[in-house]
Amino acid sequence: MNKPIPNNFLNDLKPYKGGASSINGVDKIFKLSSNENPLGPSESVINAYNEAIKDITVYPDPSNSLLIKKLSQFYSINAKNIICGCGSDEILHLLARAYLSGNDEAIVSENSFAVYPLAIQASGARIVRAKEINFQTQINSILDLINNSTKMIFIANPNNPTGTMVSYEDLINLHKNLPSKILLIIDEAYIEYVNDNNYSSFISLIEDNNNIVVTRTFSKAYGLAGLRVGWAYCPDEVINVLGRLRIPFSVNSTAQKVAVAAVNDQNHILKSIEHNNLWLPKITKELDSLGYLTIPSNCNFILFQVSNNLSFDANHVFDYLCSKGLILRQMHEYNLPDFLRVSIGNDEANNLLIKSLKELSQ
Ligand SMILES: Cc1ncc(COP(=O)(O)O)c(C=O)c1O
């Protein structure tokens, strides 16, 4: 029978699976599965939300002008080169749609953010994975994979789910050695959390290079994952094509206004970073001392292996913590079934996590 047939390259596309947020039979839940800000929104952000909601009868500003103006002022960058999206996910998908098709290849690091392969596949192109060493993105493995079909490279810096980062020097080296027709996407979703002198944003390179894009998000340190706001800083040619391709109202009016309020409240961002700086080393140390194998993180989460010397596996740890109301992220989709990823939670969640892990090891 004749029927509508979708593009055949969509056959293998598996939908993105978000972190779980509920557990049957457990009332009090701490969601440590999606790297959100455990402190929640600040008071000024809640006030901005309550004010903005009054305007939901009218369409949002399609050009996101107030938000773009705020970002431009705050980061001292050109407003005309900023694009906002329904999360940075939307912009990553737009980039893939704009630059990839049939016979193209796009390179991602072996254990990189799950949205990149989805965006690449959805455009019909081929995903090429560059080998990592100790969960670190390797610039040389990426360079080795470049051929005439390579069109794009996606690098999360620092990376989810590993938490590792690439030094500025290494990234500059990668860029220097790239054929100029390859678009390098640097996803800086977790930049606020990095405490390493070898790290630096790539934003300042955009003005002088036409093949680099930097993406950012309001979903992590800015604590607005549910509002869905992300943005990117792009060279002229890229902003032009994305501007034509994008959906005009993808950032709703409330999201635009609340995001401006969030940028205005840098105290809350500092508090969030301080909270992370306190708990990230503390939880890492506890995991290490209980015999788990942790990957040193520059983010607001820790990837760890439930190593063979323990008498239980990752599924057991996941289930046990769920029974205590703590939802971690299982890593089966990332092909790391003996690993778990835990986001830094609030004080109560973190203390419960440590207590529960100790109980499990007794
Ligand atoms: C590396 C990375 N990039 C982008 C995103 C997506 O962010 P957004 O909520 O802005 O779509 C995430 C979310 O988990 C992420 O880990």
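Here the structure is a predicted model, which is why all the values come from computation and not from measurement.

## Let's talk about the sheet that holds strand 10 (residues 301-305)
At step 1: Taken in spatial order, the four strands of this open sheet run 9-10-13-12, and their pairing is antiparallel. Edge positions in the sheet fall to strand 9 (293-294) and strand 12 (329-330), since each of these pairs with one other strand and no more.
At step 2: Across two bridges, the pairing between strand 12 and strand 13 (residues 339-343) is antiparallel. Along strand 13, the bridge assignment pairs R329 with R341.
At step 3: In this fold helix 9 (residues 266-289) packs onto strand 9 and strand 10, with an angle of close to 10 degrees to the strand it touches most, strand 10.
At step 4: Packed onto the sheet, helix 10 (residues 314-323) meets strand 12 and strand 13 and runs at close to 30 degrees relative to strand 13.

## Some details on the nonpolar core
The nonpolar side chains of a soluble globular protein tend to be buried with one another.
At step 1: Formed by 52 residues in total, the largest nonpolar core has its most connected members in I153, I155, F218 and W231.
At step 2: In terms of residues, this core owes the most to one element, helix 8 (residues 253-264), which gives seven residues.
At step 3: Counting contributing residues per domain, this core is built from domain 1 (17-41 + 267-361) and domain 2 (43-264), each supplying no fewer than three.
At step 4: Leave out the neighbours within four places in its chain, and I155 touches Y116, I142, V166, L171, L174, L184, I185, I186 and D187.
At step 5: Judged by nonpolar contacts, the second largest core, of 34 residues, contains I83, L92, V115 and L336.

## A few points about the domain arrangement of the chain
At step 1: Entries for the chain in the domain assignment read domain 1 (17-41 + 267-361) and domain 2 (43-264).
At step 2: Opposite the 23 residues of domain 1 that make contact, domain 2 presents 29 residues.
At step 3: For the domain 1 and domain 2 pair, buried surface summed over both sides reaches about 2100 Å², with 62% attributable to carbon and sulfur atoms.
At step 4: Looking only at domain 1, the three residues that lose the most surface to domain 2 are P41, N298 and Y334, adding up to 30% of its buried area.
At step 5: If you look at where domain 1 meets domain 2, you find zero salt bridges.
At step 6: Our count for the domain 1 to domain 2 interface comes out at eight residue pairs in polar contact (both at pLDDT 80 or more).
At step 7: Of all elements in the fold, only helix 9, strand 10 and strand 13 reach the threshold of two or more residues within the side of domain 1 that touches domain 2.
At step 8: The leading source of residues in the side of domain 1 that touches domain 2 is helix 9, at five residues.
At step 9: Counted by class, the side of domain 1 that touches domain 2 contains 12 nonpolar, nine polar and two charged residues.

## A word on the pattern of salt bridges
Should the charged atoms of two oppositely charged side chains come close, the side chains can pair.
At step 1: In the structure shown here, the tally under the stated rule is 13 salt bridges.
At step 2: A salt bridge links R216 to E188; the nearest nitrogen and oxygen atoms lie 2.9 Å apart. Taken together, the residues R216 in strand 7 (residues 212-217) and E188 in the loop between strand 6 (183-187) and strand 7 connect sequence positions 28 residues apart. The same class applies to R216 and to E188, which are both buried.
At step 3: Residue E359 is joined to K324 by a salt bridge in which the shortest nitrogen-to-oxygen separation is 3.5 Å. With a gap of 35 residues between them, E359 in helix 11 (residues 347-361) and K324 in the loop between helix 10 and strand 11 (326-327) connect regions that are remote in the sequence.
At step 4: Salt bridges sharing partners connect three or more residues here, namely K324, K355 and E359.

## Digging into the site of the ligand
At step 1: The local shell around the ligand holds 13 residues, among which S88, N160, D187, T217 and S219 are the closest.
At step 2: In this structure, D89 approaches the ligand through a main-chain N or O atom, which is 3.0 Å from an oxygen atom.
At step 3: Here Y190 contributes a side-chain N or O atom positioned 2.7 Å from an oxygen atom of the ligand.
At step 4: Protein burial of the ligand: of its 390 Å² of free accessible surface, 94% is covered by the chains.
At step 5: For the shell around the ligand, the leading source of residues is helix 3 (residues 87-99), giving three residues.
At step 6: Partitioning the shell around the ligand into residue classes produces four nonpolar, five polar and four charged.

About the cut-offs
Residues numbered from 1 in each chain as written. Predicted model: local features only at pLDDT ≥ 70, side-chain atom pairs only at ≥ 80, totals over all residues. Heavy atoms only, no water. Pairing = 2+ DSSP bridges. Helix = DSSP H or I, 4+ residues; strand = E, 2+ residues; numbered from the N terminus. Contact = heavy atoms within 4.5 Å. Axes fitted to C-alpha atoms, helices over the stretch in contact; angles between N-to-C directions. Core = buried A, V, L, I, M, F, W, Y, C linked by side-chain atoms within 4.5 Å. Buried < 20%, exposed > 50% of the residue type's maximum accessible area, 1.4 Å probe, protein only. Domains from an automatic or database assignment. Buried area = accessible area lost by both parts, 1.4 Å probe. Salt bridge = Lys/Arg side-chain N within 4 Å of Asp/Glu carboxyl O. Polar contact = N/O pair within 3.5 Å; in protein donor to acceptor, adjacent residues only side chain to side chain. Nonpolar A, V, L, I, M, F, W, Y, C, P; charged D, E, K, R; others polar. Near = heavy atom within 4 Å. Areas by Shrake-Rupley, 256 points an atom, 1.4 Å probe, with all protein chains shown as cover.

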